[in-house]
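The chain contents come next:
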Amino acid sequence: MTNPNRSNRMPAFIHLKVHSAYSLLEGAIQISKLAKLAEADGMPALGLTDTNNMFGCLEFSDKLAASGIQPIAGISIAFDFEERKEQRTQAAGAANLRVATKRDGLLALYAMNESGYANLLKLASKAHLDSADTDAPHITLTQLIAHAGGLIVLTGGPDGPIDSALRDGQPPVASSRVETLHKHFGDRLYIEIQRHGAPSEADAEPQLLNMAYTNAIPIVATNECYFSSPDDFEAHDALICIAEGRYVVEDDRRRVTREHYFKSGADMAALFADLPEAVANTTEIAKRCAFRPRGKKPILPRFVKATNG
């Protein structure tokens, strides 16, 4: 059992779901700021999960390592369980059929080793290159299974495919999705629990815990960090409006809460004091992801200067 009163040198909690400014028009924390936040709180490691890209991964790795903090390379990636291979709808007055594809939610993936990092890069590329021009970036279950080696998977929290099924009143679908991921990832799958104060999180949590305990799947506590402190909430809310072309006064738009900031390890341990194993598993995941991406010189063709014969 983890003691939430440990000193900063041995924190009870490690942030695994941090979005930097590279989560374009979504994250609002510069990577240099992330290093300072983690160092100030005494966190020995930090996980980066920018949405659908790994643009900041090398900068994150270098700057955190320079601060004596272990960087954990990850991504939050849109995912399709392929439960609906093809859904056809007919537009009013049109004879042609079009395929309507729906994404199921975001999964968080982390590199445990070099091969896992290579698979992260492949999946991030496939999300953009293999998706149709008219579709948003995403990966499929087939693609994830093909590149599953060396990866740890978190179920994505409220934005994930498990929680979304529960919100839609489809517990059997949620259970089936958990069983599918568990089949392919085994002890590398964690069910994610988040507490930002949203009613939907409170409604889903008992069902998530039941699925975790029934299937012997570990749980992990996370906080989706989009900005540094509660004072940045209004500015971040405006950023989301800019991203979606909406107005702050509109009610039917995407919102996060004031709690989506970089909380201290002590605050997170207190928030999840009733689920100490969920807090302890943040450290376990960090230990399992003991790999740091490093920059490499470009591989260029070797040219031999021609001589006049």
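One numbering rule holds for all chains: residues counted from 1, following each sequence as written. Residues qualify for local features only when their pLDDT is at least 70, as the model is predicted, and side-chain atom pairs are given and counted only at 80 or more; totals for whole chains, interfaces and linings, by contrast, use all residues. With hydrogens and water set aside, each side-chain value is computed from the structure's full complement of heavy atoms.

Notes on empty space enclosed by the protein
Here is step 1: Within this scheme a cavity is a closed region of a 1 Å grid, computed over the protein atoms alone, that accommodates a 1.4 Å probe without allowing it to escape, whereas a pocket is open but has protein on both sides within 12 Å along at least five of seven lines; lining residues each have an atom within 4 Å of a point. Grid points are joined across faces, edges and corners, and a volume is the space filled by probe spheres set on the points. Within the structure shown, the criterion is met by two cavities of 30 Å³ or more.
Here is step 2: For the largest cavity, the calculated volume is near 50 Å³.
Here is step 3: Surrounding the largest cavity, Pro 158, Asp 163, Glu 192, Ile 193, Gln 194, Glu 201, Ala 204, Glu 205 and Leu 208 form its lining.
Here is step 4: Secondary structure is summarised from DSSP: a helix means a run of H or I of at least four residues, a strand means a run of E of at least two, and numbering begins at the N terminus for each. The set of elements that each furnish at least two residues to the lining of the largest cavity consists of strand 8 (189-194) and helix 7 (199-214).
Here is step 5: It is helix 7 that contributes the most residues to the lining of the largest cavity, four residues altogether.

Some details on the pattern of salt bridges
One side chain can pair with another of opposite charge once the charged atoms of both are near each other.
Here is step 1: For this analysis, a salt bridge means a side-chain nitrogen from Lys or Arg found within 4 Å of a carboxyl oxygen belonging to Asp or Glu. Using the criterion set out here, one finds 20 salt bridges in the structure.
Here is step 2: Across the salt bridge formed by Lys 17 and Glu 192, the nearest N and O atoms sit 2.7 Å from each other. Here Lys 17 is found in the segment before helix 1 (31-41), whereas its partner Glu 192 is found in strand 8, with 175 residues between them in sequence.
Here is step 3: When its relative accessible area of 2% is taken as the criterion, Lys 17 is described as buried.
Here is step 4: Throughout, exposure labels follow a simple rule: accessible area from a 1.4 Å probe, protein chains only, divided by the maximum for the residue type, with under 20% read as buried, over 50% as exposed, and the rest as partly exposed. Residue classification places Glu 192 among the buried residues on the basis of a relative accessible area of 1%.

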